[in-house]
Each structure stands twice: as C-alpha cells, then as structure tokens.
Amino acid sequence: MSDLSKELQNPGDGDLAFFGKITASLSHEINNVLSIINELSGLMGDLLEASSRGKALDPEKLALQVEKIAAQILRGERLIKRLNSFSHSVDRPIKTFSLNELLNDIFFLSERFATLKGISLRLSIPDDTLSIENNPFKLQKAVFAILETLFASASTGAIVKLSCSGTAESSEIAVVCESETVTEIFPASSQKEVSDLVEYLGGKTAFSTDDKGCIIKLEISNEIAV
Amino acid sequence: MAQLRVLLVDDEEELVLTLAERLTIRGIEADAVTDGGKALDFIGRGKYDVVVLDLKMPGISGLAVLKTIKRDHPEVAVLMVTGHGSVEENKEGLKAGAFDYLIKPVSIQNLITKIQDAAASKRRK
C-alpha cells in the first residue's frame, strides 16, 4: 500500500467529529420517526379502547393511521439506507464510486442542518454517472465542511445550490450560495481548511464571490494518483 | 379543577397533531404548532398553562422561544422535549427556566404527569 493510500485510511483531525455529527443527526431523525409511530399506534390504541367502551369505531380513521405509520416506516427506511451508505464510505480508503450518488447522500445528510438555519439547499446532478476513484469519506467531509460554513454564515432565506459535472479526466463539484450577507460568507480560515482537505485528495479548490453571494468549486481528478 | 390548556411545539407536524389529539381524548385542551414564531403568536393570544417545547426547530430555536416565554409570559410553565444526547441543551433549558424535560419517544402517561406537575407548580407560585 502506498503512503498516500495509508494516509487516506487513517482517521485524521476532525474525521471522527464529522462522522459523529452526521450519525447524531441521522439518529435524531430516526428517533423522530419512532416517536411519530409511537404516537400514531398509541392513537390507534386509544380508538380501540374507546370502542371497547361502546364508542363506534371509525374504520376510515383507523385506516388513515395505518397509512401514516406506513409513510413513517418508509421515511425511516430511507434514513437507515443513507446511514448505512455513509457508514460504508469508510470501509476502504480508496474506491471507485459514483459522484452523483455521493452528492445525493451528502445532500440528504445536510438538508436537516440547512432547514434548521432556514436555508434552502438544492441539488442538481447530471443524468450520466460520474465515476471517480478517490476517498469518498474525505470527499464528503470536504463538501460538508463547505456547506456547514455556509449554513453558519449565510442569512436566513439564503439558497445553497450543490451540483457536479465532469469530463473524461476530472470532475467538478460546485457550491453556489446566494445570500444577503455576501461579505465574509466564507472566512479565510475555513477556505484553508477546505483547500487543504481537497489538496490531500489530489484536487484543487477555487473560491470566488459575486454580487449575489459566493461560489466554491472543487476540481478532482477521476483517478487518484497513489 | 379547570381544564388544563397546553400548547405543543415541534417541527414534526404529525407528531404534535397526534399528541394533541391524544391529550384531548384525555381531557386536556391541546393546540399544536410547528415553529417557534407561531408558538409565540399563540402564547400571546391564548391562555396556556403549559407549553411543551421541542428544542431543535428551524427558524427561532426552542431555547430562544423558552427565553421569550419566560420574559413575556412568566405565568406559563415550559416542558422541553429533546432527543437523546442533548444533555447540555437540557441543562441550558433548565437554567433558562424550563420546569423539566422529557426525552423522545415520550409515553403519554409520563407526559400528562409532567404537564400536571408543571401546572401545579405554577399554581403554587
């Protein structure tokens, strides 16, 4: 195994913190799903108990609760699928993966953080699969670090757009933030953190601003040199 | 004893609506809202004995709502509802004047007991 490959396997500064943040958020949401199922099934129990005391049972109302429970189970399944996919991203330091899927995952994992700050997160990915060889965990960490910085500094009502594109040689992830608070939206200290991480993955980062907000682009080779 | 009036605040709409219905079945008058802004609006217009408040919500945070209630409506008791692992937030909430906290998923009987205790503590003051 090459030095870079070994390096990419070892958890670095902040890796565990990132892993913890994501799993805590997902488990919080799974707990919400269970809480809702708990109340819906409890309500069904209340209705059945009332019927045993002579109150007419409304089959439509009961059927509605069943439908709502099924919807929550579906939501829980989706959350667990993402949690599972995220957990497996640390299986191997370098692997070939779909950048489209990775952005889908990071969008899903970050959406709750955006919602909590009143920010709208949008995703745009191409139909064609962009297949790249790199470290998916650290790449997710880099994208999340960008999003987290934007969520902390952009104003409520801001729009953050996440997209990707690619050629035969390289792929690009773009994060565009439209916010009223344009200045200092991406502090220099955070720029260094993201740049260092992307450089570590063999890529490069470009930060720019315009009158609407800021743009961050990550360019990564489709095959990492190890 | 007068009927208790409770406001449930949580961004999980299905959760608060169902909880409100279950409390109503048990003789507690309950309203439900899904964000902090609406909660403050309802508290300003209604006479609630207890507010059951989720701490993690979009927009105005649960903690900010709690502090506003304590400042503008000190007669209203507040119960916090949190997920697991929110020990620091729970401590902060208690420091800001919350009566107590519950951890999701909440048992309906436990919730009612806490609501009654919170209302009784307010009456004693």
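Note that this is a predicted model, so its numbers are computed, not measured.

## Quick look at helix α4 (residues 99-116) of chain A
All names here are of chain A. Its 18 residues give α4 an end-to-end C-alpha distance of 26 Å, which sits within 8% of 26 Å, the value for a rise of 1.5 Å per residue. Maximal helix bending in α4 amounts to about 40°, located at Ser110. Looking only at α4, the buried set comprises Leu99, Asn100, Leu102, Leu103, Asp105, Ile106, Phe107, Leu109, Ser110, Arg112, Phe113 and Ala114. If you check the start of α4, you find a side-chain oxygen 3.3 Å away from the backbone N of Asn100, and it comes from Ser98. Two residues or fewer past α4, Gly118 is found with a positive phi of approximately 70°.

## Notes on the interface of chain A and chain B
Chain A puts 17 residues into the contact, and the matching count from chain B is 18 residues. Buried area between chain A and chain B, summed over both chains or domains, comes out near 1,700 Å², and the portion from carbon and sulfur atoms is 53%. It is Glu39, Asp46 and Leu116 of chain A in chain A that bury the most area against chain B; as a group they hold 31% of the surface buried on that side. Inspection of the region where chain A meets chain B yields six salt bridges. Here Asp46 of chain A ties to Arg26 of chain B by a salt bridge, and the two come within 2.7 Å at their closest N and O atoms. Those elements giving two or more residues to the side of chain A that touches chain B turn out to be α2 (15-52), α3 (59-88) and α4 of chain A. Among the elements that make up the side of chain A that touches chain B, the one with the highest residue count is α2 of chain A (11 residues).

## Some remarks on the nonpolar core
Formed by 47 residues in total, the largest nonpolar core has its most connected members in Leu139, Leu150, Val160, Leu162, Ile173 and Leu218 of chain A. For this core, the secondary structure elements donating two or more residues are α2, α3, α4, α5 (136-153), β4 (159-166), β5 (170-178), α6 (188-200) and β7 (213-221) of chain A. Here this core gets 10 residues from one element, more than from any other, and that element is α5 of chain A. Those residues within four positions of Leu139 of chain A in sequence are excluded, and the remaining contacts are Phe97, Leu99, Leu102, Ile132, Ile173, Leu201 and Ile220 of chain A. Counting 22 residues, the second-largest nonpolar core is a separate cluster that includes Val6, Leu8, Ala77 and Ala119 of chain B.

## Notes on the packing of helix α1 (residues 13-25) of chain B against helix α5 (residues 108-124) of chain B
Residue and element names in this part refer to chain B. As a packed pair, α1 and α5 sit with axes 11 Å apart at the nearest point and diverge in direction by 70°. Between α1 and α5, the interaxial angle falls into the category roughly perpendicular. Contacts from Leu19, Arg22 and Leu23 of α1 reach α5 at Ile108, Leu111, Ile112 and Ile115. In terms of residue class, the contact of α1 with α5 is made up of six nonpolar, no polar and one charged.

## Some words on the state of the cysteines
Taken as a whole and judged by the stated rule, the model has zero disulfides over all chains. Cysteine Cys177 of chain A is unpaired, with the sulfur of Cys214 of chain A as its nearest cysteine sulfur at 4.9 Å.

## Section: the packing of α2 of chain A against α5 of chain A
Residues and elements named next belong to chain A. Between α2 and α5, the shortest axis-to-axis distance is 11 Å and the interhelical angle comes to 70°. Here α2 is positioned roughly perpendicular relative to α5, judged by the angle of their axes. Contacts between α2 and α5 involve Asp15, Phe18, Phe19, Lys21 and Ile22 from the former and Phe137, Lys138, Gln140, Lys141, Phe144 and Glu148 from the latter. Its residues placed into classes, the contact of α2 with α5 shows five nonpolar, one polar and five charged.

## Some points on the pairing of strand β1 (residues 5-9) of chain B
All names here are of chain B. Taking burial as the measure, the five residues of β1 include four buried ones, the bulk of the element. Relative to strand β2 (residues 29-33), β1 is paired through five bridges, and the arrangement is parallel. When the sheet's bridge partners are listed, Val9 is paired in β2 with Val33. In terms of handedness, the path from β1 via α1 over to β2 forms a crossover that is right-handed. As defined by bridge partners, β1 adjoins strand β3 (residues 50-54) across four bridges and the pair is classed as parallel. Each residue of the ladder has a partner; that of Leu7, found in β3, is Val51.

The rules behind each value
Residues numbered from 1 in each chain as written. Chains lettered and ligands numbered in written order. Predicted model: local features only at pLDDT ≥ 70, side-chain atom pairs only at ≥ 80, totals over all residues. Heavy atoms only, no water. Helix = DSSP H or I, 4+ residues; strand = E, 2+ residues; numbered from the N terminus. Expected span 1.5 Å × (residues − 1). Bend = angle between axes of the 7 residues up to and from the residue. Buried < 20%, exposed > 50% of the residue type's maximum accessible area, 1.4 Å probe, protein only. Polar contact = N/O pair within 3.5 Å; in protein donor to acceptor, adjacent residues only side chain to side chain. Contact = heavy atoms within 4.5 Å. Buried area = accessible area lost by both parts, 1.4 Å probe. Salt bridge = Lys/Arg side-chain N within 4 Å of Asp/Glu carboxyl O. Core = buried A, V, L, I, M, F, W, Y, C linked by side-chain atoms within 4.5 Å. Axes fitted to C-alpha atoms, helices over the stretch in contact; angles between N-to-C directions. Parallel < 35°, antiparallel > 145°, perpendicular 65-115°, else oblique. Nonpolar A, V, L, I, M, F, W, Y, C, P; charged D, E, K, R; others polar. Disulfide = S-S within 2.5 Å. Pairing = 2+ DSSP bridges. Right-handed = clockwise from strand over helix to strand, strands pointing away.

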